Amino acid sequence: MGRTYDEWIAQQDQAVVAKTRAGDEGNKVLLNQINWIWVNNLMNQKADLNPSSAELLDWVTSGQIDAMRK
């Protein structure tokens, strides 16, 4: 199996993570916030830091992140 969300986020630029999560730190991470980090990584030639589709699916189905909020 791949990385957990916590393992993956620890490998990211924490300034980017803080900017992405600003004002929403009290809630569970949203898939859209991960997508923002993903695009940022792509734009900065750091695609190797992005999660695999299997990891994303695991994070959503295991409840590590939310796909959306009600």
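Here the structure is shown first, and the text comes after it.
Residues numbered from 1 in each chain as written. Predicted model: local features only at pLDDT ≥ 70, side-chain atom pairs only at ≥ 80, totals over all residues. Heavy atoms only, no water.

Enquirer: When you look at the packing of aromatic side chains in this model, what are you seeing that I'm missing?
Expert: Geometry of an aromatic ring pair is reported as the spacing of the ring centres plus the angle between the planes. Applying the stated criterion across every chain yields a total of three aromatic pairs. Pairing Tyr 5 with Trp 59 gives two aromatic rings, centres 5.6 Å apart and planes at 85°, and the pair type is edge-to-face. In this pair, Tyr 5 is assigned in helix H1 (residues 5-10) and Trp 59 in helix H4 (residues 53-61), connecting sequence segments 54 residues apart. According to the relative accessible area criterion, Trp 59 is buried, its value standing at 0%. (Phe/Tyr/Trp six-rings, centres within 6.5 Å; stacked < 30°, edge-to-face > 60°. Helix = DSSP H or I, 4+ residues; strand = E, 2+ residues; numbered from the N terminus. Buried < 20%, exposed > 50% of the residue type's maximum accessible area, 1.4 Å probe, protein only.)

Enquirer: Looking at this structure, how should I read the nonpolar core?
Expert: The nonpolar side chains of a soluble globular protein tend to be buried, and buried together. Core analysis: the largest hydrophobic core is formed by 11 residues, namely Tyr 5, Trp 8, Ile 9, Val 16, Val 17, Val 29, Ile 34, Ile 37, Leu 56, Trp 59 and Ile 65. Counting residues per element, the ones that place at least two in this core are H1, helix H2 (14-21), helix H3 (31-43) and H4. For this core, the leading source of residues is H1, giving three residues. Setting aside chain neighbours within four positions, we find Val 29 in contact with Tyr 5, Arg 21, Ile 34, Ile 65 and Asp 66. (Core = buried A, V, L, I, M, F, W, Y, C linked by side-chain atoms within 4.5 Å. Contact = heavy atoms within 4.5 Å.)

Enquirer: Quick question: what am I supposed to make of H2 here?
Expert: Helical geometry note: an α-helix holds 3.6 residues per turn, so side chains three or four residues apart project in the same direction. All of the buried residues in H2 are Val 16, Val 17, Thr 20 and Arg 21. Projected down its long axis, H2 carries its buried residues within an arc of 120°, all on one side. Along H2, exposed side chains directed more than 90 degrees from the buried face belong to Ala 15 and Lys 19. In this structure, the buried residues of H2 make contact with H1 and H3. N-cap assignment for H2: the residue whose side-chain oxygen lies 2.9 Å from the backbone N of Ala 15 is Asp 13. Downstream of H2 by a residue or two, Gly 23 has a phi angle that is positive, lying close to 85°. (Arc of directions from axis to C-beta. Polar contact = N/O pair within 3.5 Å; in protein donor to acceptor, adjacent residues only side chain to side chain.)

By themselves, these observations are geometric and do not establish any function.
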